[in-house]
Amino acid sequence: MSSSTRTPAYITVRRVAAASIATGALVSAITLPASAADHSRHQRGQVEISAVQYDSPGRDNYSNRSLNREWVEITNTTRRTVNLDGWTLRNRDGETYTFDHVRLAGRATVRVHTGIGRDTRTDLFQDLRRYVWDNRSDTATLRNDHGRRIDSESWGHLRHGGKHRHADYKHHGGMQHHGRSHHNR
């Protein structure tokens, strides 16, 4: 080979280095979304507020039937049973329901109704004679037995300031979002 067609060594080293950097950047860009997805999957909670019916359908006449049409659904998104003993569900004003001896099976949902009733695997009752959830705006907050916030769901003017994973489900799922206020707080 003649020396005029040979590429100098320093140019070859530069090309190899540039190719290595470009390859590394490409691999990082391709793997970044996967690792970010894995990270968010591990951060997602096992238990979440999956739906809220804060404006009970029909007349707000304080009957037990009307009170029990106001509810919050709690869903276990994992395959394992979760012990909810000592967990709390609280509204913005601090009214709190404490789960007592409740185990939520994997992929199961339980509704926490406001009124009086007999607890079952799928329905729990706060045994109250007053409405808990404000129709205009409120926040339902679920905390574990250590007081750590697990999930929350807001509606009304409070909704615009926070994260609302389940809002589209509730809007399209027939849950009521607007209406008369049966308790003005």
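Everything quoted here is computed from the prediction, not taken from an experiment.

Moving on: the environment of Arg 103. Secondary-structure assignment places Arg 103 in strand β6 (residues 103-104). A residue is classified by how much of its surface remains accessible, and Arg 103, at 59% relative accessible area, is exposed. Sequence separation between Arg 103 and Asn 83 is 20 residues, and the spatial gap between their C-alpha atoms is 4.4 Å. Sequence-distant contacts of Arg 103, defined by excluding residues within four places in its chain, comprise Thr 81, Val 82 and Asn 83.

Before going further, it helps to examine the pairing of strand β7 (residues 109-113). Successive residues of a regular strand alternate their side chains across the two faces of the sheet. As paired elements, strand β2 (residues 71-76) and β7 share five bridges and run antiparallel to each other. Among the inter-strand pairings, Glu 73 is bridged to a residue of β7, identified as Arg 111. As defined by bridge partners, β7 adjoins strand β8 (residues 123-125) across three bridges and the pair is classed as parallel. Each bridged residue has a counterpart across the sheet, and for His 113 the counterpart in β8 is Phe 125.

Reading the values: the criteria
- Residues numbered from 1 in each chain as written.
- Predicted model: local features only at pLDDT ≥ 70, side-chain atom pairs only at ≥ 80, totals over all residues.
- Heavy atoms only, no water.
- Helix = DSSP H or I, 4+ residues; strand = E, 2+ residues; numbered from the N terminus.
- Buried < 20%, exposed > 50% of the residue type's maximum accessible area, 1.4 Å probe, protein only.
- Contact = heavy atoms within 4.5 Å.
- Pairing = 2+ DSSP bridges.

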